[in-house]
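Remarks on the overall topology
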Amino acid sequence: MSLDILFYLLILAIVSLNGLVGFKKLSGPFKILVLTILYICISESMVRVLILFKKNSLPLYHVLCIIQYIAFAYIFSNLLNSKKAKKYIRLSIIPFIVICLLNIVLFDAFFKLIPLKIIMLSYIIFALFSLMLFMQMLNQPKETNIYKQSTFWLGGAVLVFSVISPLCFGVDFYLSNHHIETAVLGNIILYLNCAYYATLGYAINLEKKQSSVSAI
């Protein structure tokens, strides 16, 4: 296991543990976020262990896609004020799961392929969720420092990650098909993941501070 991978897993572990400390101070959406990152940390660690022992780790990615979508659907539906948005985001969980199952049957077999199509689809939807959250923040009548808002960093991290990741995967897929070395791009994707989860960790810290101030 490379040092880069260990660094990535360390960031996931630190963000997870930091979120669990003072967990009760967090609002509902951020509690779900912490538990989601903790699950991702465990899942990614299991993937590395299975790879180390030359076992099949592909099913973990299929399960992760579904759990991550359910988690982020609830996170954003709770952050958005619109009742229609809340309703439709939560209802979207059902067709998403159906699409995941169909993808396993028709395209990306559970034990043979990573569900890249589902990952790309989820990123597109997460980007839309983030844009909806930013629109809500811009329409708020109360003027607040946007950089001190946990929701800004959460939405910003998800938006940037959800836009850049598909581009990286697309380029990686193209280069692989043309037998061009993609190790550098793989490292970029890994570092992007590190920055993404570190930013989510920062958002969690801000949320804890905001909750402490509100409690005074």
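Residues numbered from 1 in each chain as written. Predicted model: local features only at pLDDT ≥ 70, side-chain atom pairs only at ≥ 80, totals over all residues. Heavy atoms only, no water.

Looking at the element boundaries, I204 is found in helix α8 (residues 183-215). Looking at I204, the relative accessible area reads 0%, which means it is buried. Taking the C-alpha atoms as reference, I204 lies 9.0 Å from W153; in sequence the two are 51 residues apart. The residues touching I204, leaving out its near neighbours within four places in the chain, are V15, G19, L26, F30, L33, V34 and I37. (Helix = DSSP H or I, 4+ residues; strand = E, 2+ residues; numbered from the N terminus. Buried < 20%, exposed > 50% of the residue type's maximum accessible area, 1.4 Å probe, protein only. Contact = heavy atoms within 4.5 Å.)

Quick look at the nonpolar core now. Core analysis: the biggest nonpolar cluster contains 53 residues, and L33, L154 and Y197 have the highest contact counts within it. Residue assignment for this core shows that the elements contributing at least two residues are α1 (3-20), α2 (28-52), α3 (58-79), α4 (83-91), α5 (93-106), α6 (116-138), α7 (150-177) and α8. The greatest single-element share of this core, amounting to 11 residues, is contributed by α6. Those residues in contact with L33, other than ones at most four positions away along the chain, are F72, I75, L154, L200 and I204. (Core = buried A, V, L, I, M, F, W, Y, C linked by side-chain atoms within 4.5 Å.)

By the definition in use, this model includes 0 disulfides. Here C65 is not cross-linked by a disulfide; its sulfur's nearest cysteine counterpart is in C100, at 6.1 Å. Judged by relative accessible area, which is 8%, C65 ranks as buried. (Disulfide = S-S within 2.5 Å.)

Tallying each qualifying case throughout the model produces 1 cavity of 30 Å³ or more. The space that makes up the largest cavity amounts to roughly 30 Å³. If you go around the largest cavity, the residues you meet are H62, C65, I66, C100, N103, I104, P115 and I118. Counting only elements with at least two residues in the lining of the largest cavity, the list comes to α3 and α5. In terms of residue class, the lining of the largest cavity is made up of 6 nonpolar, 2 polar and no charged. (1 Å grid on protein atoms, 1.4 Å probe; cavity = no way out; pocket = protein on both sides within 12 Å on 5 of 7 lines; lining within 4 Å. Points joined across faces, edges and corners; volume = space filled by probe spheres on them. Nonpolar A, V, L, I, M, F, W, Y, C, P; charged D, E, K, R; others polar.)

The next thing to look at is α3. Across its 22 residues, α3 extends 32 Å between first and last C-alpha, which sits within 8% of the 32 Å expected from 1.5 Å per residue. Where burial is concerned, most of α3 is hidden: 17 out of the 22 residues are buried. (Expected span 1.5 Å × (residues − 1).)

In this section: the side chain of E207. Here E207 is to be found in helix α8. Here E207 sits buried without a salt bridge, and the closest side chain of opposite charge, K31, lies 9.5 Å off (N-O distance). (Lys, Arg positive; Asp, Glu negative; His and termini not counted. Salt bridge = Lys/Arg side-chain N within 4 Å of Asp/Glu carboxyl O.)

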